[in-house]
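Chain residues, written in single-letter form:
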Amino acid sequence: MKITHVEVHQIDVPAASPPFRWRDGLSGSAPVGDGAVLHIGTDEGAEGVAVFARPGAHFVLRDLVDRVFREELVGADPFQREWLWHRVWELDRIHELPLPTLGLIDIALWDLAGRYHGEPVWRLLGGFRDAIPAYASTSTFSCTAEFLDVADQCLALGYRGIKLHAWGDARRDAELCLALREHVGPSVPLMYDGSAGFDLPDAIRLGRALSEADYLWYEEPIREFSISAYQRLAETVDVPLLVAETSDGAHMNAADFIRAGAATFGVRAGTTLRGGITGAMRTAHLADAYRLRAEVHGSDIPNHHLCMAISNTTYYESLVTSVNVVRERHVDDQGLVHAPAGPGIALPLDFGYGSDLLPFVEQPR
């Protein structure tokens, strides 16, 4: 079997309703966007797709396919995913590919393999579970009262834990984290994500409050350029650190965080920023060798499959972006996410597609 065509389809990515924001200093949710789908086909009719939904995705991906990817892929064996994964990293050396594009070919090839074999990708990966608990991962709300109310709604809807994305002010965020622990009691798992908003002194200050409040993990308080800063943070605070989410290099970079003693809870795995399915699985196996967690980042469908395949992940991350909480459709009333049943990976239901992509779209349960 050989790859014969590599196409890019423009899709409509709806804006969040209502719009939401992240911490102070970061932009919020994107307006209606021109997303893209990478579509790989073969001489035997096997096909696979991968969605790229970030702002400007269609322009970026079409340029990369026309200029770089198509020449590399046409004529290749679609089942030689390892070879092609390495080739993408070779191409990155010269082209400096945007981080979320490093895994798109890999995701499409895994989708192709799943459709060819008539199996969901999580089963091709070995399959570890058929359900996993979900935590509510908040956007940033205006005040502590709103966060506490959202937490109440999430717990009533079945979510098994709460992760905060707060304002990026060490003192104010610490007060919020302590207030949330007092509000929900000692048994609810709580996490905090700093969205890289702090320097080391403020990260230590906030980390001490999280330690006091018995948070499960402390995620990305500092930009992940300095592993030494994370090493010092790990030496100074008791709350476990979850690291290596946005840093380039997939498992190669995660290894340096682990070697430095900075991954005291674990490392991030995920298809979007860790080089697709293959990069995420390498990261997970690396962490497992050190008896650390590999927490899957993001709630898109490829990561849904990863959650079912990775033994050392704890939760599914479900984004909550409104003060009027609506449970994500993949999460049931017990706070569980169940394994996908269809072949391949699937495109998300709520994007706007042309008719040629409809056979690849997930089927509602």
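Along each chain, residues carry numbers from 1 onward, in the same order as the chain's sequence is written. For this predicted model, a pLDDT threshold of at least 70 governs which residues receive local features, and a threshold of 80 or more governs which side-chain atom pairs are given and counted, while totals over whole chains, interfaces and linings are taken from all residues. Calculated side-chain values reflect all of the structure's heavy atoms, with hydrogen atoms and water omitted.

- Under an unreviewed UniProt entry, the name given to the protein is Racemase, and the organism recorded is Streptomyces phaeochromogenes.
- UniProt positions are given in the numbering used here, feature names are shortened, and annotations may be inferred rather than shown by experiment. UniProt annotates the protein under Cofactor (unreviewed entry) with the comment "Mg(2+)".

**Side note on the state of the cysteines**
Next up, step 1: Note on terminology: pairs of cysteine sulfur atoms within 2.5 Å are recorded as disulfides. Counting across every chain of the model gives 0 disulfides.
Next up, step 2: Free of any disulfide, C177 has its nearest neighbouring cysteine sulfur in C143, separated by 15 Å.
Next up, step 3: In this scheme, a residue with accessible area under 20% of its type's maximum is buried, one over 50% is exposed, and one in between is partly exposed, where area comes from a 1.4 Å probe on protein chains only. Taking relative accessible area as the criterion, C177 reaches 0% and is therefore assigned buried.
Next up, step 4: Not engaged in a disulfide, the cysteine C307 finds its nearest cysteine sulfur in C154; these two sulfurs lie 17 Å apart.
Next up, step 5: Accessibility expressed as a relative area gives 0% for C307, which makes it buried.

**Description of the nonpolar core**
Next up, step 1: Among buried residues, the Ala, Val, Leu, Ile, Met, Phe, Trp, Tyr and Cys ones that are joined through side-chain atoms within 4.5 Å form a nonpolar core. By size, the foremost hydrophobic cluster in this structure holds 110 residues, and its most contacted members are I40, F69, Y192 and Y215.
Next up, step 2: In what follows, a contact means two residues having at least one pair of non-hydrogen atoms within 4.5 Å. Beyond its immediate stretch of four places on either side in the chain, F69 contacts L61, L64, L91, L97, T101 and I105.

**Description of the layout of surface pockets**
Next up, step 1: Here a cavity means grid points, on a 1 Å grid over the protein atoms only, where a 1.4 Å probe fits yet cannot get out; a pocket means an open set of points with protein on both sides within 12 Å along at least five of seven lines; lining residues are those with an atom within 4 Å of a point. Grid points are joined across faces, edges and corners, and a volume is the space filled by probe spheres set on the points. Approximately 430 Å³ is the volume found for the second largest pocket.
Next up, step 2: Forming the boundary of the second largest pocket are 23 residues, of which P340, A341, G342, E362 and Q363 lie nearest the centre.
Next up, step 3: Think of it this way: any DSSP run of H or I at least four residues long counts as a helix, any run of E at least two long counts as a strand, and we number them from the N terminus. A total of 3 residues in the lining of the second largest pocket trace back to one element, the largest contributor, which is helix 11 (residues 301-309).
Next up, step 4: Following the grouping adopted for this structure description, the nonpolar residues are Ala, Val, Leu, Ile, Met, Phe, Trp, Tyr, Cys and Pro, the charged ones are Asp, Glu, Lys and Arg, and the polar ones are all others, Gly among them. Per-class residue counts for the lining of the second largest pocket are 12 nonpolar, 6 polar and 5 charged.

**Overview of the pattern of salt bridges**
Next up, step 1: The salt bridge criterion pairs a side-chain nitrogen of Lys or Arg with a carboxyl oxygen of Asp or Glu, the two atoms within 4 Å. For the coordinates displayed, the defined rule picks out 17 salt bridges.
Next up, step 2: A salt bridge links E317 to K163, with the shortest nitrogen-to-oxygen separation between them at 2.9 Å. Residue E317 is located in strand 11 (residues 316-320), and its partner K163 is located in strand 5 (residues 162-165); the two are separated by 154 residues in the primary sequence. For the pair E317 and K163, a shared accessibility class is recorded, and that class is buried.
Next up, step 3: Among the ionic pairs, R232 bridges to E235, the shortest N-O distance being 3.6 Å. Linking R232 with E235, this pair stays in helix 8 (residues 227-236), spanning 3 residues, or about one helical turn.

**Re helix 6 (residues 170-184)**
Next up, step 1: For helix 6, with 15 residues, the first-to-last C-alpha span of 21 Å sits near the 21 Å given by 1.5 Å per residue.
Next up, step 2: Taken residue by residue, helix 6 has A170, D173, A174, L176, C177, L180, R181 and V184 as its buried positions. Mapping the buried residues of helix 6 onto a view down its axis gives an arc of 160°, with all of them on the same face. Residues R171, E175 and E182 are exposed on helix 6 and point more than 90 degrees away from its buried face.
Next up, step 3: Structurally, helix 6 contributes buried residues whose contacts are with helix 5 (144-156), strand 5, strand 6 (190-193) and helix 7 (200-212).
Next up, step 4: Any pair of nitrogen or oxygen atoms within 3.5 Å is treated as a polar contact; in protein, a donor-acceptor pairing is required on top of that, and neighbouring residues in sequence qualify only through side-chain atoms on both sides. If you check the start of helix 6, you find a side-chain oxygen 3.1 Å away from the backbone N of R171, and it comes from D169.
Next up, step 5: Downstream of helix 6 by a residue or two, G185 has a phi angle that is positive, lying close to 90°. Helix span is expected to be 1.5 Å times the residue number reduced by one. Our arc is simply the arc of the directions from the helix axis toward the C-beta atoms.

**Comments concerning the packing of helix 7 against helix 8**
Next up, step 1: Each axis is a line fitted through C-alpha atoms, and for a helix only the stretch in contact is used; angles between axes span 0 to 180 degrees, taken between their N-to-C directions. Between helix 7 and helix 8, the least distance of the axes is 10 Å, while the angle of their chain directions is 30°. Between helix 7 and helix 8, the angle is such that the two are roughly parallel. When you trace helix 7 past helix 8, the crossing you get is right-handed. Packed against helix 7, whose contacting residues are L200, A203, I204 and R208, the element helix 8 presents A229, R232, L233 and T236 at the interface.
Next up, step 2: Of the residues belonging to the contact of helix 7 with helix 8, the class tally is 5 nonpolar, 1 polar and 2 charged. Should an angle lie under 35 degrees it is considered roughly parallel, over 145 roughly antiparallel, and from 65 to 115 roughly perpendicular; all remaining angles are considered oblique. Each crossing gets its hand from how the near helix is turned against the far one by less than a right angle, where anticlockwise is left-handed and clockwise is right-handed.

**Looking at the packing of helix 9 (residues 250-259) against helix 10 (residues 276-289)**
Next up, step 1: The interhelical angle for the contact between helix 9 and helix 10, taken along N-to-C directions, is 25°, at an axis separation of 8 Å. Considering their axes alone, helix 9 and helix 10 lie roughly parallel with respect to each other. The crossing of helix 9 and helix 10 is right-handed. Counted together, A250, H251, A254, A255 and I258 of helix 9 and R282, T283, L286 and A287 of helix 10 form the full contact between these two elements.

**Comments concerning the environment of A234**
Next up, step 1: Following the sequence through the fold, A234 ends up in helix 8.
Next up, step 2: On the accessibility criterion, A234 (17% relative accessible area) is buried.
Next up, step 3: For A234 and G28, which are 206 residues apart along the polypeptide, the C-alpha to C-alpha distance reads 30 Å.

**A short note on the packing of aromatic side chains**
Next up, step 1: Only Phe, Tyr and Trp rings take part, Trp by its six-membered ring, and two of them pair if their centres are within 6.5 Å. Stacked means planes under 30 degrees apart, edge-to-face means over 60, and tilted covers everything else. This structure, assessed with the given rule, holds 11 aromatic pairs.
Next up, step 2: Note on F20 and W22: the rings are 5.4 Å apart at their centroids and 85° apart in plane angle, and the pair reads as edge-to-face.
Next up, step 3: Aromatic pair F351 and Y353: ring centres 6.4 Å apart, planes at 40°, arrangement tilted. Note on accessibility: F351 and Y353 belong to one class, buried.
Next up, step 4: One aromatic cluster in this structure is built from Y135, W217, F265 and Y315.
Next up, step 5: Looking at R81, its charged tip hangs above the ring of W110, at a distance of 3.8 Å from the centre.
Next up, step 6: Here the basic side chain of R172 rests over the ring of W167, its NZ or CZ set 3.6 Å away from the ring centre. Remark: a charge is flagged as sitting over a ring if the NZ atom of Lys or the CZ atom of Arg is within 6 Å of the ring centre and within 35 degrees of the ring normal.

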